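Given next are the chains, with one letter for each unit.
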Amino acid sequence: MENIKGLTRTGYCAEYDIKDIGKKVVLMGWVNRSRNLGSIIFCDMRDRTGLIQVVFREEKNKSLFNKATNLKSEYVIAVTGIVNEREDKNPNIKTGDIEIEAEELRILSESAVPAIDIAENTATNELMRLKYRYLDLRKPKQQYYLIMRNKVAKCTRDFFSENGFIEVETPVLTRSTPEGARDYLVPSRVNQGKFYALPQSPQLLKQLLMISGLDRYYQIVKCFRDEDLRANRQPEFTQIDLEMSFVDVDDVIAVNEKFIKKLFKETLNVDVNIPFARMTYEEAMNRFGSDKPDLRYGMELTDISELVKDSEFKVFSDACKNNGSVRGINAKGCADFSRKDIDKLTDFVKDYRAKGLAWLKVGVDNEITGSIVKFFDKEQLTSIVDAFNGEENDLILIIADRNETVFDSLGALRTEIAKRMNLADHERWEFLWVTEFPLLEFDEETNRYYAKHHPFTSPMDEDIPLLHTHPEKVRAKAYDIVLNGEEIGGGSIRIHDSVFQEEMLEVLGFTKDKAQESFGFLLNALKYGAPPHGGMAYGLDRLVMSITKTDNIRDVIAFPKIQSGACPLTDAPNIVEKKQLDELGICLKERKDEV
RNA sequence: GGCCCGGUAGUUCAGUUGGUUAGAAUGCCAGCCUGUCACGCUGGAGGUCGUGGGUUCGAGCCCCAUCCGGGUCGCCA
């Protein structure tokens, strides 16, 4: 192996073009591919900017040529040479008009045969890719994700700095607070038997910063939640977190629309129109069965409860009687779905606790067929189909159940069918604010109310009188920002009155003592002149996913974890030395498989 | 914890009703080749078919259990 003594890189591989012909250059990078034709070798060299072809000719320099015959995939090399125009150009790569006529070659580092394909574009299984993540990240596509993520972070810092926000770091070793996700715990050596918790978000600390008078805070910050992983959920993820003093809902929304506008201009050169559409939670649920509707396509829900509440079809009439409803969607042009297809959709909605899926097809001459025709006369069927604006070749899918189940399953079904029929225009960016979320949710298992957002969210002023009489009807000053059917962020105006905050905790079932024990530091702080304040947090990873159009969160994280929460590269989590446990005063229970 | 999909050569995959010595592409090794660009041509090496058990004359294929990966429901204030 050789060193780079005396060599200074003149530029990146893909930075050169036809204008540089005749220049002497020094390049460093990886061997993407080498093609040996016998007396001439073409070597594609790669760095993070792309590829450039290097030529070695036996007739020109025998010893240099012989050295080049040793080049293999992923060797690291330094090449000195002259930029030449190619005899045969390659329009498929950026530097296809030129090549480097090699004058010197140094092999800086050899490579074992790569465990995964880098130059090939094969879809290697993810476990392998993550185990060799440093190789996987050599792929241009993977580098694109990280480069885009950096652009988002840079633009975020630029925007919030320019708008008077101050970036403040909050602790990673903090305390566990009740409510919310499961905490990651860190044992304290100095205080044995006590634990830090990693933050699920810096929520309370940023409120304290408002009380401190920082006025506007932001932070790009890691958050941790010990819950099961999903395609868009990692146990550690990054938030763009912000908080503002002396604001109400519209103020927070206005600043964030400006931010998003700048972000999309600078990352994708896309002009988004502001202000964004707004919709209340109630409207979103009624029209789309979801609090994060994708507005790139229609297929809205239709409520036919009134039409069928007295029908002889028990499934429909019972649902209406039991405070539920009968609703459906019209899958335009899907009448060619087979029974098997529809059975699969039925299984699909069962995942969302729906007990079944009723369907009607509109055929030639408006002939109506389907699973429920025998329960209705012709006139009734026509009125149902009309309610859906059903036309020839439409498939109408109906669910009768508790409202919650109806919305969950139809909302998911709408998304599923849109995916199957490719209804979404992938070039469109549909932003939406969903507002007026319910403040509380009742949990039947524990028989109490939980904060839907978090316990520090302010109710809407006009709903405060309902807090003790009809808690479920109280709406919150909470808002989510939705992009193409994905929730990319959310926030709320917070309670800034300590007495009212205590009252809220009481509604949530906290005794005075328990509230003081858990949130005493906040309740105390609120007594010392807390300004009205509110804020937002974006899921940075999800935002980058949207911008880069990937549906896998692992793509936008350099070293992500697999579904079990493990890191195949470092083998974390792992066992530790007994000595470490002793110092922490921790002794492990025997594992079942060791008993 | 439930449900669905997957696990066969270094990698990506095929493998018929259960039937001879488990195939292909790519990668790798050797040789040839002066304009390739997924270079080409010739030859070669490379497999506990995730693991364990069962059914059978015979299992990559069927059955049971189990492990691993992905998706999803629950969960994620």
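Fair warning: this is a prediction, and the values are worked out from it, not measured in the lab.

Section: the overall build of chain A
Here is step 1 of the chain: Tallying secondary structure elements over chain A gives 16 helices and 22 strands in all.
Here is step 2 of the chain: With respect to the principal axes defined by its C-alpha atoms, chain A has extents near 90 × 75 × 60 Å.
Here is step 3 of the chain: For chain A, the residues scored as buried account for 48% of the 595 residues in total.
Here is step 4 of the chain: When contacts within chain A are restricted to residue pairs at least 6 apart in sequence, those whose partners lie at least 24 apart make up 68%.
Here is step 5 of the chain: With 83 positive and 99 negative side-chain charges, chain A shows a separation of 5 Å between the mean positions of the two kinds.

A word on helix 13 (residues 498-507)
Here is step 1 of the chain: Along helix 13, the residues classified as buried are Ser498, Phe500, Gln501, Met504, Leu505 and Val507.
Here is step 2 of the chain: In this structure, the buried side of helix 13 is in contact with strand 18 (440-443), strand 19 (448-451) and helix 14 (512-525).
Here is step 3 of the chain: Where helix 13 begins, the side chain of Asp497 points an oxygen toward the backbone nitrogen of Val499, at a separation of 3.1 Å.
Here is step 4 of the chain: Following helix 13 by one or two positions, Gly509 adopts a phi angle in the positive range, close to 90°.

Let's talk about helix 15 (residues 540-548)
Here is step 1 of the chain: Counting buried positions over the nine residues of helix 15 gives eight, a clear majority of the element.
Here is step 2 of the chain: Taken as a whole, helix 15 has its buried residues at Leu540, Asp541, Leu543, Val544, Met545, Ser546, Ile547 and Thr548.
Here is step 3 of the chain: At the C-terminal side of helix 15, Lys549 shows a positive phi close to 55°.

Section: empty space enclosed by the protein
Rolled over the atoms, a probe sized like a water molecule indicates the empty space that remains.
Here is step 1 of the chain: Under the criterion given, the structure shown has one cavity of 30 Å³ or more.
Here is step 2 of the chain: Taken as a whole, the largest cavity encloses approximately 30 Å³ of empty space.
Here is step 3 of the chain: Lining the largest cavity, in full, are Glu126, Arg129, Leu130, Arg133, Asp136, Asn552, Arg554, Asp555 and Pro560.
Here is step 4 of the chain: Broken down by secondary-structure element, the contributors of at least two residues to the lining of the largest cavity are helix 2 (126-131) and helix 3 (133-136).
Here is step 5 of the chain: Sorting elements by how many residues they give to the lining of the largest cavity places helix 2 first, with three residues.

A look at the packing of aromatic side chains
Here is step 1 of the chain: Within the structure shown, the criterion is met by 21 aromatic pairs.
Here is step 2 of the chain: Here the aromatic rings of Phe160 and Phe165 are separated by 4.9 Å at their centres, their planes lie at 80°, and the arrangement is edge-to-face.
Here is step 3 of the chain: Owing to a relative accessible area of 0%, Phe160 belongs among the buried residues under this scheme.
Here is step 4 of the chain: Look at Phe442 and Tyr449: their rings are 5.0 Å apart centre to centre, the planes differ by 70°, and that puts the pair in the edge-to-face class.
Here is step 5 of the chain: Overall, the relative accessible area of 18% leaves Tyr449 in the buried class.
Here is step 6 of the chain: Feature note: the residues Phe159, Phe160, Phe165, Tyr218, Phe259 and Tyr538 constitute an aromatic cluster, connected by ring pairs.
Here is step 7 of the chain: Stacked on the ring of Tyr450, the Lys or Arg Arg448 has its end atom at 3.8 Å from the ring centre.

Observations regarding the pattern of salt bridges
Here is step 1 of the chain: Applying the stated rule across the entire model yields 54 salt bridges.
Here is step 2 of the chain: Residue Lys139 is joined to Asp136 by a salt bridge in which the shortest nitrogen-to-oxygen separation is 2.9 Å.
Here is step 3 of the chain: Shared partners join several salt bridges into a network, and the residues in it are Arg129, Arg133, Asp136, Lys139 and Asp555.

Points about the sheet that holds strand 14 (residues 358-362)
Here is step 1 of the chain: An order of 12-13-16-14-15 is seen for the five strands of this open sheet, with the pairing classed as antiparallel. Each of the sheet's edge strands pairs with one partner strand only, and the pair in question is strand 12 (302-303) and strand 15 (368-370).
Here is step 2 of the chain: Summarising the sheet, strand 14 and strand 16 (residues 395-401) pair through four bridges and their orientation is antiparallel. Following the sheet pairing, Lys361 is matched in strand 16 by Leu395.
Here is step 3 of the chain: Across the sheet, helix 12 (residues 403-420) lies against strand 13 (325-331) and strand 16, angled at about 5° from strand 13, the strand it touches most.

A look at the protein's contact with RNA strand B
Here is step 1 of the chain: Taken together, 48 residues sit near RNA strand B, with Arg57, Asp88, Gly180, Ala451 and His453 positioned nearest.
Here is step 2 of the chain: Backbone atoms, meaning sugar plus phosphate, form 52% of the atoms of RNA strand B positioned within 4 Å of the protein.
Here is step 3 of the chain: In the model, a base oxygen of RNA strand B is placed 2.7 Å from a nitrogen or oxygen of the Arg35 side chain.
Here is step 4 of the chain: In the environment of RNA strand B, a phosphate oxygen lies 3.0 Å from a nitrogen or oxygen atom belonging to the side chain of Ser39.
Here is step 5 of the chain: Elements represented by at least two residues in the surface near RNA strand B include exactly strand 1 (24-36), strand 2 (40-47), strand 3 (50-57) and helix 2.
Here is step 6 of the chain: Counting residues per element, the surface near RNA strand B draws most heavily on strand 1, at three residues.
Here is step 7 of the chain: Partitioned by chemical class, the residues of the surface near RNA strand B number 13 nonpolar, 14 polar and 21 charged.

A look at the nonpolar core
Here is step 1 of the chain: Counting 59 residues, the largest nonpolar core has Ile329, Leu395, Leu397, Leu413, Ile417 and Leu467 as its most contacted members.
Here is step 2 of the chain: Per-element tally for this core: the top contributor is helix 12, with seven residues.
Here is step 3 of the chain: Both domains that meet at this core, namely domain 2 (148-280 + 432-556) and domain 3 (297-423), each give it at least three residues.
Here is step 4 of the chain: Non-local contacts of Leu395, meaning those with residues more than four positions away in its chain, are made with Ile329, Asn330, Ala331, Cys334, Ala335, Phe337, Ile342, Trp359, Leu360 and Lys361.
Here is step 5 of the chain: Grouped together as the second largest cluster of nonpolar side chains are 43 residues, Met148, Met244, Val247 and Phe264 included.

Conventions used here
Residues numbered from 1 in each chain as written. Chains lettered and ligands numbered in written order. Predicted model: local features only at pLDDT ≥ 70, side-chain atom pairs only at ≥ 80, totals over all residues. Heavy atoms only, no water. Helix = DSSP H or I, 4+ residues; strand = E, 2+ residues; numbered from the N terminus. Buried < 20%, exposed > 50% of the residue type's maximum accessible area, 1.4 Å probe, protein only. Contact = heavy atoms within 4.5 Å. Lys, Arg positive; Asp, Glu negative; His and termini not counted. Charge placed at Lys NZ, Arg CZ, Asp CG, Glu CD. Polar contact = N/O pair within 3.5 Å; in protein donor to acceptor, adjacent residues only side chain to side chain. 1 Å grid on protein atoms, 1.4 Å probe; cavity = no way out; pocket = protein on both sides within 12 Å on 5 of 7 lines; lining within 4 Å. Points joined across faces, edges and corners; volume = space filled by probe spheres on them. Phe/Tyr/Trp six-rings, centres within 6.5 Å; stacked < 30°, edge-to-face > 60°. Lys NZ or Arg CZ within 6 Å of the ring centre and 35° of its normal. Salt bridge = Lys/Arg side-chain N within 4 Å of Asp/Glu carboxyl O. Pairing = 2+ DSSP bridges. Axes fitted to C-alpha atoms, helices over the stretch in contact; angles between N-to-C directions. Near = heavy atom within 4 Å. Nonpolar A, V, L, I, M, F, W, Y, C, P; charged D, E, K, R; others polar. Core = buried A, V, L, I, M, F, W, Y, C linked by side-chain atoms within 4.5 Å. Domains from an automatic or database assignment.

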